[in-house]
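What the coordinates show
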Amino acid sequence: MILTRIKLPKSVKNFVYFQPEVFRMLFLGFSAGLPLLLVLGTLSLLLKDAGISRSEIGFASWIGLAYSIKVIWSPVVDNFKLPILSRLLGKRKSWLLFAQIGIALGLYMISKTDAGTDTQRLVIFALITAFLSATQDIVIDAFRVESNDDKKQGAAAATYIMGYRIGMIVAGAGALKIAASYDWEVSYQIMAICMGVGILGGLLSPEPPHKKQVLGETELEKDISEKLLQPLAQNKETLKGKIQNHPAFMYFVKAILSPFVDFFRRYKWWGLVIIAFILSFRVSDIVLGVMTNVFYDDMGFTKDEIADYSKIYGVIMTILGAFIGGYVVNKVKILWCLLWGIILVILTNLLFAYMASQPKDVGFLIAVISADNMAGGFSMGVLMAYFATLINQEFTATQFALYTSLMTLTGKILGGFSGVNIDNWGYPMFFTYAASLGIPALLLILALLYREKTLSKKE
C-alpha cells in the first residue's frame, strides 16, 4: 500500500517515528480525535449558544458514555466480518470504513438540527455519532497494537495521540472559528468533510496481521466450555456435546468469555487492582474537562480566544507531552511513568481552582493550559503504552476496548454531574474536588509498584 512504499533516507527511516507502521497512526489518530469534541466539548458550546442550561449541558456529557461501554460490542468488532466489505478490505479495514462513513453522516445530521427547538433530536444524532466513534476507536486500537511490536508501542501511541490531538484542534479551534465566522451548521458540515482524511488514511494502510479466529481451537476455550457444562449429568453427554459444538455457544466462549478469563488467569486477583487503577486513572481529568469550555466562556474569554489558547496551543502542548511520554517510557519503568503522570495531573488541575478565584488573565490562562495539557498528554501516552503490555493478541480488540472503556467509565458518570456541582459549589471548589479524584489512582499505582517489586524478588 502507498503508506508502506514511501521512500525515505535510511537515517530518517530508522527513526522510530518515521517507520510506516508507526507513522500511519497519525492519520488514524486524526480520524479518532475529530469526532470526540464534536459530541462533547464543542457540542457543549453549541448547546450553550442555544440557551441550554449548565446542568443540562452537564447531563448531555453522558453521551460520552458510549466510549465507556464500547467493550459490550467490541467482541462483535473483534470477531464478526462485515459482508462484502471484509472480502474487499479485510476485517479491520472494513469495520474502520463503516464507522468513519457513519460518523461523517452523523455530523451532517447534527448540522441540520436546530439545538434550541429540537434538542432531543440533536442529542440522538450526537449519541449515534458517539457510538460509531467508539466503534472506530475499537478498530484503531486493535490496528495499532497488531501493527507494531512491543518496542514500538510507545512510539505508536505517541504518534496516534499526535494525530488524535490534531483532530481535536480541527474539531475544537477549527469548529469554533468557523462557527464564529459563519454558524454551527456550516461548522459541523465542514467537520463531516474532514472525516475524509481518516477515510483516506485507512484505505491507504495495509490490513494489519492478526490471528485467525477458529472457534473451539484453544485449550482456554475447551477449559471454559467444560466448566460451563460441568453441571450436566453423565446421562446427558449427548446434550452436552450438542451444546459444546453449537456455533452460538462456541462463539460466546471465544468472543465474550475467553478475553476476560485470559486476563484474570494471567493476573489473578491482581487483575482487580489493575481494573480499579484503570477505572480511576483519568477520573480527575475527565470530570474537569467536561466543563472547561463553559468555564472559559463564563470567565469572559471569546470563542476566538478559547480556540487559540485552549484548542490550538493547548493541544500542541498535549502532543508535546505525549511524545515526551513515548520517549520516557522506553527509558524508565512504565509504572513509575504512570506515577509521575497522575501526580502531574493532580497538581495541574489544582491550578484551575486558583485561576477560577482570579480575574480574567490571558497570560495565566496560557500558563495553566500549558501545564495541564502537557501533563495530560504525558499521562495518556504512558497509559496507552501500559495497556499494550496487558494485551494478549488473541483478543486484541476486545481487551483493548475493555481497558479504554474502563479508563473513561467512572469519569464520564461523575462528569455528568459537573454542571450541578458547579451551580452548588462554584468553580474553585469544583476544580479542587476534581483534582482530589486522582488520589485513588495514586494509591493504586503504589500497590502495583509493590507487586512489581515482589515479583522481581521471586525471580
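The structure presented is a predicted model; accordingly, all values stated were derived computationally and were not measured. (Residues numbered from 1 in each chain as written. Predicted model: local features only at pLDDT ≥ 70, side-chain atom pairs only at ≥ 80, totals over all residues. Heavy atoms only, no water.)

1. Remarks on the overall build of the protein
On a plain count of helices and strands, the protein comes out with 26 helices and zero strands. Here the protein holds 459 residues, and 56% of them are scored as buried. Taking all contacts inside the protein whose residues are at least 6 apart in sequence as the whole, residues at least 24 apart take part in 81%. About 19600 Å² of surface is accessible on the protein, with carbon and sulfur atoms providing 66% of the total. (Helix = DSSP H or I, 4+ residues; strand = E, 2+ residues; numbered from the N terminus. Buried < 20%, exposed > 50% of the residue type's maximum accessible area, 1.4 Å probe, protein only. Contact = heavy atoms within 4.5 Å. Areas by Shrake-Rupley, 256 points an atom, 1.4 Å probe, with all protein chains shown as cover.)

2. Thoughts on empty space enclosed by the protein
Here the structure, examined in full by the defined rule, presents two cavities of 30 Å³ or more. Taken as a whole, the second largest cavity encloses approximately 30 Å³ of empty space. In terms of lining, the second largest cavity is formed by Lys93, Leu96, Leu97, Gln100, Ile199, Gly202 and Leu203. At the level of elements, helix 10 (91-111) and helix 13 (184-203) are the ones that each hand at least two residues to the lining of the second largest cavity. Examining the composition of the lining of the second largest cavity, we find that four residues originate from one element, helix 10, more than from any other. Taken together, the residues of the lining of the second largest cavity sort by class into four nonpolar, two polar and one charged. (1 Å grid on protein atoms, 1.4 Å probe; cavity = no way out; pocket = protein on both sides within 12 Å on 5 of 7 lines; lining within 4 Å. Points joined across faces, edges and corners; volume = space filled by probe spheres on them. Nonpolar A, V, L, I, M, F, W, Y, C, P; charged D, E, K, R; others polar.)

3. Some remarks on the pattern of salt bridges
Per the stated rule, a full pass over the model turns up six salt bridges. Here aspartate 297 ties to lysine 48 by a salt bridge, and the two come within 2.7 Å at their closest N and O atoms. One end of the pair, aspartate 297, is in helix 19 (residues 292-299); the other, lysine 48, is in helix 5 (residues 41-49), with 249 residues separating them in the sequence. What you see here is one network of salt bridges that share partners, running through Lys48, Asp297 and Asp298. (Salt bridge = Lys/Arg side-chain N within 4 Å of Asp/Glu carboxyl O.)

4. Regarding helix 22 (residues 362-390)
Helical periodicity: at 3.6 residues per turn, an α-helix aligns residues three or four positions apart in one direction. Compared with the 42 Å implied by 1.5 Å per residue over 29 residues, the 42 Å span of helix 22 between its first and last C-alpha is a close match. With 21 of 29 residues buried, helix 22 lies mostly within the body of the structure. One side-chain oxygen at the N-terminal end of helix 22 lies 3.0 Å from the backbone nitrogen of glycine 363; it belongs to aspartate 361. (Expected span 1.5 Å × (residues − 1). Polar contact = N/O pair within 3.5 Å; in protein donor to acceptor, adjacent residues only side chain to side chain.)

5. Considering a nonpolar patch on the surface
A cluster of nonpolar side chains, namely Phe59, Trp62, Ile413 and Phe417, defines an oily patch on the protein surface of about 330 Å² accessible area. If you trace the backbone, tryptophan 62 turns up in the loop between helix 6 (54-60) and helix 7 (65-68). (Patch = residues over 30% accessible without salt bridge, like charges linked within 9 Å, V, L, I, M, F, W, Y side chains within 5 Å.)

6. A closer look at the packing of helix 21 (residues 334-356) against helix 22
In the contact formed by helix 21 and helix 22, the axes pass within 8 Å of each other and the chain directions differ by 155°. Regarding the angle of helix 21 to helix 22, the classification is roughly antiparallel. Our pair here, helix 21 against helix 22, has a crossing hand that is left-handed. Of the residues that constitute the contact of helix 21 with helix 22, the class distribution is 21 nonpolar, four polar and one charged. (Axes fitted to C-alpha atoms, helices over the stretch in contact; angles between N-to-C directions. Parallel < 35°, antiparallel > 145°, perpendicular 65-115°, else oblique. Left-handed = near helix turned anticlockwise from the far one by under 90°.)

7. Brief notes about the packing of aromatic side chains
Under the counting rule described, the total for this entry stands at 24 aromatic pairs. On the numbers, 5.9 Å between centres and 90° between planes, the contact of tryptophan 95 with phenylalanine 98 is edge-to-face. One end of the pair is tryptophan 95 and the other is phenylalanine 98, both in helix 10 and three residues apart, which spans about a single turn. Here phenylalanine 98 falls in the partly exposed class, since its relative accessible area comes to 42%. Following the ring pairs from residue to residue traces out a cluster consisting of Phe295, Tyr296, Phe352, Trp425, Tyr427, Phe430, Phe431 and Tyr433. (Phe/Tyr/Trp six-rings, centres within 6.5 Å; stacked < 30°, edge-to-face > 60°.)

8. Structural notes on the nonpolar core
In terms of nonpolar packing, the biggest core is built from 129 residues, with Phe277, Tyr386 and Phe387 touching the most fellow members. Beyond its immediate stretch of four places on either side in the chain, phenylalanine 387 contacts Ile278, Phe400, Tyr403, Thr404 and Met407. (Core = buried A, V, L, I, M, F, W, Y, C linked by side-chain atoms within 4.5 Å.)

9. Notes on the packing of helix 5 against helix 11 (residues 119-147)
A pair of packed helices is captured by two measures, namely the crossing angle of their axes and the spacing between those axes. Running from amino to carboxyl end, helix 5 crosses helix 11 at an angle of 175°, the nearest separation of the two axes being 13 Å. As summarised for this structure, helix 5 and helix 11 are arranged roughly antiparallel, according to the angle between their axes. Only Thr119, Leu122 and Ala126 of helix 11 make contact with helix 5, whose side of the interface consists of Leu43, Leu46 and Leu47. Split into classes, the residues belonging to the contact of helix 5 with helix 11 amount to five nonpolar, one polar and no charged.

10. A word on the confidence of the model for the protein
Confidence in the prediction for the protein averages 82 pLDDT; 85% of positions are at 70 or higher. For the protein, the element scoring lowest by mean pLDDT is helix 1 (residues 2-5), at 47; helix 10 scores highest, at 94. Note on residues 1-6: pLDDT under 50 across the span, and 15 contacts to partners over four residues away in sequence or across chains. (pLDDT = per-residue confidence, 0-100.)

11. Thoughts on unusual backbone geometry
Residues other than glycine seldom take positive phi values, yet isoleucine 84 does so here, at roughly 65°. Relative to the elements of secondary structure, isoleucine 84 occurs in the loop between helix 8 (74-79) and helix 9 (85-89). One non-glycine residue, lysine 268, lies in the positive phi region at around 55°. On the secondary structure map, lysine 268 appears in the loop between helix 16 (247-267) and helix 17 (270-281). The exposure class of lysine 268 is exposed, given its relative accessible area of 56%.

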